[in-house]
Amino acid sequence: MISRETFAGWYRNRFVWVAVILLVVSAGTVVLVNRAGPEAKPADLQSQIIARMRTTLEQADPGQHNHAGHGAQQAASTAKPAVICGVRVYGYEPTEATALADVQTAYGFHLCGVAEQKRPWDVAVKLAGPVIMDMSTEPPGIQVVEATAEVMFTDRVRQMLPPKYADLALKEALSESEMADQRRRYDAAAGL
């Protein structure tokens, strides 16, 4: 026969197991809700902005985001060399935008290489620096932050970018993964 003590021990353990299961299910629910909550949309929006900025810069003539007097060398062929860009988005306005169509202005950093055939990355013409993109026009407007004869680069960055993005622009460029992806795409475009 089953004694009362054995039954009480089993019954108590059953409540313990039910409590453990409820705790695990609750924790799992919290994790899933947080992943599907507001953080998922900005991450998706962020990747859409990166893709839009990269495409815009790569399709633009290098002269549109040319700075410091750099230009692609003219090759013997008339084919226009590909421009391969890496982008880092610092932020966008309005900050409460939830869709790419709602974004008016994007602030970030760009590093583009002109992929002339058989020209390695190390000697390629490069265009780099903070960039402001007017996303309200088609195609988006590109404004590169550059120093002038009267204004130093750091001061120009602070003039053109909102303070929270200017601080990032003065110390952060591309992420390692973005740089690796850019180099892989550059090598393919340059036929290396």
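Preceding this section is the structure that the text describes.
Residues numbered from 1 in each chain as written. Predicted model: local features only at pLDDT ≥ 70, side-chain atom pairs only at ≥ 80, totals over all residues. Heavy atoms only, no water.

Draft legend 1. Inspection of the packing of aromatic side chains at higher detail. Considering all chains together, one arrives at two aromatic pairs under this definition. Between the aromatic rings of Trp121 and Tyr186, the centroid separation amounts to 5.2 Å while the plane-to-plane angle is 80°, which identifies the pairing as edge-to-face. Taken together, the residues span a long stretch of sequence, with Trp121 in the loop between β2 (105–115) and β3 (126–134) and Tyr186 in helix α5 (residues 176–189) at a distance of 65 residues. The same class applies to Trp121 as to Tyr186, namely buried. Between the NZ or CZ atom of Lys126 and the centre of the ring of Trp121, over which it lies, the distance is 4.9 Å. (Phe/Tyr/Trp six-rings, centres within 6.5 Å; stacked < 30°, edge-to-face > 60°. Helix = DSSP H or I, 4+ residues; strand = E, 2+ residues; numbered from the N terminus. Buried < 20%, exposed > 50% of the residue type's maximum accessible area, 1.4 Å probe, protein only. Lys NZ or Arg CZ within 6 Å of the ring centre and 35° of its normal.)

Draft legend 2. Just the pairing of strand β1 (residues 82–93), in detail. Taking burial as the measure, the 12 residues of β1 include nine buried ones, the bulk of the element. Bridging between β1 and β2 involves 11 bridges; their strand directions are antiparallel. Note that in β2 the partner of Val87 across the bridge is His110. (Pairing = 2+ DSSP bridges.)

Draft legend 3. Spotlight on unusual backbone geometry. In this structure, the amide linkage connecting Glu93 to the following residue, Pro94, adopts the cis form with an omega of -5°. By secondary structure assignment, the location of Pro94 is in the loop between β1 and β2. Cis geometry marks the peptide bond from Glu138 to Pro139; its omega dihedral reads -5°. Mapped onto the elements, Pro139 comes out in the loop between β3 and β4 (141–144). A positive phi is found at Lys118, a non-glycine position, where the angle reads about 65°. Looking at where Lys118 falls in the secondary structure, it is placed in the loop between β2 and β3. Classification of Lys118 by relative accessible area gives exposed; the value is 58%.

Draft legend 4. Highlighting the state of the cysteines. Tallied over the entire structure, the rule returns one disulfide. The residue that forms a disulfide with Cys85 is Cys112, at a sulfur-sulfur distance of 2.0 Å. When the S-S torsion is 110°, as for the bridge of Cys85 with Cys112, the disulfide is right-handed. Of this pair, Cys85 sits in strand β1 while Cys112 sits in strand β2, and the two are 27 residues apart along the sequence. Per residue, the accessibility class of Cys85 equals that of Cys112, and both read buried. (Disulfide = S-S within 2.5 Å.)

Draft legend 5. Representation of the sheet that holds β1 within the structure. Spatially, the four strands line up as an open sheet ordered β1-β2-β3-β4, and their pairing is antiparallel. In this open sheet, the two strands that pair with only one neighbour each are β1 and β4. Each strand of the sheet is rotated relative to its neighbour by a mean of 30°, with strand direction disregarded. On the sheet, helix α3 (residues 153–160) packs against β2, β3 and β4 and is oriented at approximately 20° with respect to β3. (Axes fitted to C-alpha atoms, helices over the stretch in contact; angles between N-to-C directions. Contact = heavy atoms within 4.5 Å.)

Draft legend 6. Region of interest: the side chain of Glu178. Secondary-structure assignment places Glu178 in helix α5. Among all residues touching Glu178, those that are not within four sequence positions of it are Arg54, Cys85, Gly86 and Val87.

These figures capture arrangement, not role.
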